[in-house]
Amino acid sequence: MPRINIRLKDALHGRLVAGARSARLSVPEYVRDILDRFEGVDAGGYHGRFDEVQATLIQVFAILAASVGTRRPDILQKGMDDARALLLERGLLAPEDGAL
């Protein structure tokens with residue numbers, strides 16, 4: 001099995017030791033478990049939880065947009081424009097995708 005040696009700040013090491021103790025694992029087992037979850041091996045782990053939250057948020061915003069769009073299309077358009085500007089500003093949307 002390959003080995004990796006890394007230096008950790010004392011605070012991070014302390015959190016890892018405490019987490020390992022509460023999980024009743026050795027520190028190396030605990031770190032391997034964290035890496036497995038972070039890298040997406042564990043479907044219900046790190047990425048799975050964010051995918052679930054993202055799916056829920058998309059559904060909520062779709063329902064909200066449909067409701068607002070029915071009652072006030074002008075407000076929906078303003079909100080979409082504002083959202084597009086924020087996504088562009090943060091680099092989460094390519095400039096060519098930001099144009100209407």
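Refer to the preceding data block for the structure.
Residues numbered from 1 in each chain as written. Predicted model: local features only at pLDDT ≥ 70, side-chain atom pairs only at ≥ 80, totals over all residues. Heavy atoms only, no water.

**Overview of the pattern of salt bridges**
So, step 1. In the structure shown here, the tally under the stated rule is 4 salt bridges.
So, step 2. The partner of aspartate 81 in a salt bridge is arginine 84, with the nearest N and O atoms 3.3 Å apart. One end of the pair, aspartate 81, and the other, arginine 84, are both in helix α4 (residues 73–89), 3 residues apart, so they sit about a helical turn from each other.
So, step 3. Judged by relative accessible area, which is 17%, arginine 84 ranks as buried. (Salt bridge = Lys/Arg side-chain N within 4 Å of Asp/Glu carboxyl O. Helix = DSSP H or I, 4+ residues; strand = E, 2+ residues; numbered from the N terminus. Buried < 20%, exposed > 50% of the residue type's maximum accessible area, 1.4 Å probe, protein only.)

**Description of unusual backbone geometry**
So, step 1. Even without being glycine, arginine 24 reaches a positive phi, approximately 60°.
So, step 2. Here arginine 24 is to be found in the loop between α1 (10–23) and α2 (27–38).
So, step 3. The exposed category is assigned to arginine 24, whose relative accessible area is 78%.

**Quick notes on α4**
So, step 1. With 17 residues, α4 extends 24 Å between its outermost C-alpha atoms, agreeing within 8% with the 24 Å of an ideal straight helix rising 1.5 Å per residue.
So, step 2. In the stretch just after α4, glycine 91 is the one whose phi turns positive, near 75°. (Expected span 1.5 Å × (residues − 1).)

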